[in-house]
Amino acid sequence: MTGPNRTAWATMPADEERYRPLYARLLGLRFVNPGGVLCFLFFEGAIALAVLLALAELVTWWAVLVLPVVVAAMVKLNDMVAAVVVRSAALVPEQERDRFRRQMEPVVGRARVANAMTPVMVTADPMRPARRTDQSD
């Protein structure tokens, strides 16, 4: 395998890794950094949702085991996609990044008005109907 090792792309220092929630450490998340409340919702919330769905007889009791695993797989997949995005963004040359930033600058307040000094007359009179040139009626 070529390139930097996996820990070189990590967003958290190794000494702070032990303070991360157990859910994030077990999944080996490197780029997605959920807090304690979000990890609680991912795991215990998925179990509670599966239990409620099973009690309502909308799903079987296997959902209590399957739903947290599916949620964990989706969180891990999101982390893997974030890793690909970060690595591909690191390969973009600095000149291209600067050009992209210049193109994406907001242009609020820079609108140009063509003949700003030309007066416009607004009247309440109805417009006359246009005359038809064809007299075939």
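What you are looking at is a predicted structure, and each value in this text was computed from that prediction instead of being measured.

## Examining the overall build of the protein
If you tally the helices and strands in the protein, you get five helices and zero strands. Seen in sequence order, the protein has helices and strands lined up from the N terminus as α-α-α-α-α. Expressed as a percentage of contacts within the protein between residues at least 6 apart in sequence, the contacts between residues at least 24 apart total 39%.

## Focus: the packing of aromatic side chains
A complete count under the given rule lists two aromatic pairs for this structure. Here Tyr23 and Phe43 contribute two aromatic rings whose centre-to-centre distance is 6.2 Å and whose plane-to-plane angle is 45 degrees, an arrangement assigned as tilted. One end of the pair, Tyr23, is in helix α2 (residues 22-27); the other, Phe43, is in helix α3 (residues 36-55), and 20 residues separate them in sequence. Judged by relative accessible area, which is 11%, Tyr23 ranks as buried. Ring pairs connect the aromatic residues Tyr23, Phe42 and Phe43, which therefore count as one cluster.

## A few points about the confidence of the model for the protein
For the protein, the average pLDDT comes to 78, and 64% of its residues sit at 70 or higher. Looking over the protein, one finds the lowest element-wise mean pLDDT in helix α1 (residues 14-17), namely 70, and the highest in α3, namely 94. Contacts for the low-pLDDT stretch residues 1-8, under 50 throughout, to residues beyond four places or in other chains number four contacts.

## Quick look at the nonpolar core
If you look at the biggest cluster of nonpolar residues, it comprises seven residues: Tyr23, Ala24, Leu27, Leu29, Cys39, Ala72 and Val75. Residue assignment for this core shows that the elements contributing at least two residues are α2 and α4 (63-90). Ranked by residues supplied to this core, first place goes to α2 with three residues.

## Some thoughts on α4
Every α-helix carries 3.6 residues per turn, so stepping three or four residues along brings you back to the same face. The first and last C-alpha atoms of α4 sit 40 Å apart over 28 residues, in line with the 40 Å expected at 1.5 Å per residue. The complete set of buried residues in α4 reads Ala63, Val64, Pro68, Ala72, Val75, Asp79 and Ala83. Tucked inside the fold, the buried residues of α4 contact α2 and α3.

## So, α3
With 20 residues, α3 should reach 28 Å at 1.5 Å per residue; the first-to-last C-alpha distance of 27 Å fits that figure. Roughly 35 degrees is the biggest bend found in α3, and it falls at Gly45. Of all the residues in α3, the buried ones are Cys39, Ala46, Ala50 and Ala54. Each element contacted by the buried residues of α3 is listed here: α2 and α4.

## Re the packing of α3 against α4
For the pair α3 and α4, interaxial distance at closest approach is 8 Å and the crossing angle is 145 degrees. Along this stretch, α3 crosses α4, giving a crossing that reads as right-handed. Every residue of α4 that contacts α3 at Phe42, Phe43, Ala46, Ile47, Leu49, Ala50 and Val51 is listed here: Ala63, Val64, Leu67, Pro68, Val71 and Val75. In terms of residue class, the contact of α3 with α4 is built from 13 nonpolar, no polar and no charged.

## Section: the environment of Ala83
Among the structural elements, Ala83 can be located in helix α4. Note on Ala83: relative accessible area 8%, which makes it buried.

Calculation rules
- Residues take numbers from 1 onward in each chain, read along the sequence in its written order.
- Whole-chain, interface and lining totals are the exception, using all residues; otherwise, since this is a predicted model, local features are given only for residues with pLDDT of at least 70 and side-chain atom pairs are given and counted only at 80 or more.
- Values reported for side chains reflect all heavy atoms of the structure, with hydrogen atoms and water molecules removed beforehand.
- Helix numbers and strand numbers start at the N terminus; a helix is a DSSP run of H or I with at least 4 residues, a strand a run of E with at least 2.
- Residues count as neighbours in contact if any of their non-hydrogen atoms are within 4.5 Å of one another.
- Any pair of Phe, Tyr and Trp rings, taking the six-membered ring for Trp, is counted once the centres come within 6.5 Å. Such a pair is stacked with planes under 30 degrees apart, edge-to-face with planes over 60 apart, and tilted for the rest.
- Categorising residues by exposure relies on relative accessible area from a 1.4 Å probe, with only protein chains included: less than 20% of the type maximum marks a residue as buried, more than 50% marks it as exposed, and the intermediate range marks it as partly exposed.
- A residue's pLDDT is the predictor's confidence in that residue, given on a scale from 0 to 100.
- As used in this record, nonpolar core signifies buried Ala, Val, Leu, Ile, Met, Phe, Trp, Tyr and Cys residues forming a set joined through side-chain atoms within 4.5 Å.
- For a helix, the expected span equals 1.5 Å multiplied by the residue count minus one.
- In this analysis the local bend is the angle between axes fitted, respectively, to the seven residues ending at and the seven residues starting at the residue.
- Only the stretch in contact is used when fitting a helix axis, every axis being a line fitted to C-alpha atoms; angles between N-to-C directions are given from 0 to 180 degrees.
- In this scheme the handedness of a crossing depends on how the near helix is turned from the far one: anticlockwise by less than a right angle means left-handed, clockwise means right-handed.
- Following the grouping adopted for this structure description, the nonpolar residues are Ala, Val, Leu, Ile, Met, Phe, Trp, Tyr, Cys and Pro, the charged ones are Asp, Glu, Lys and Arg, and the polar ones are all others, Gly among them.

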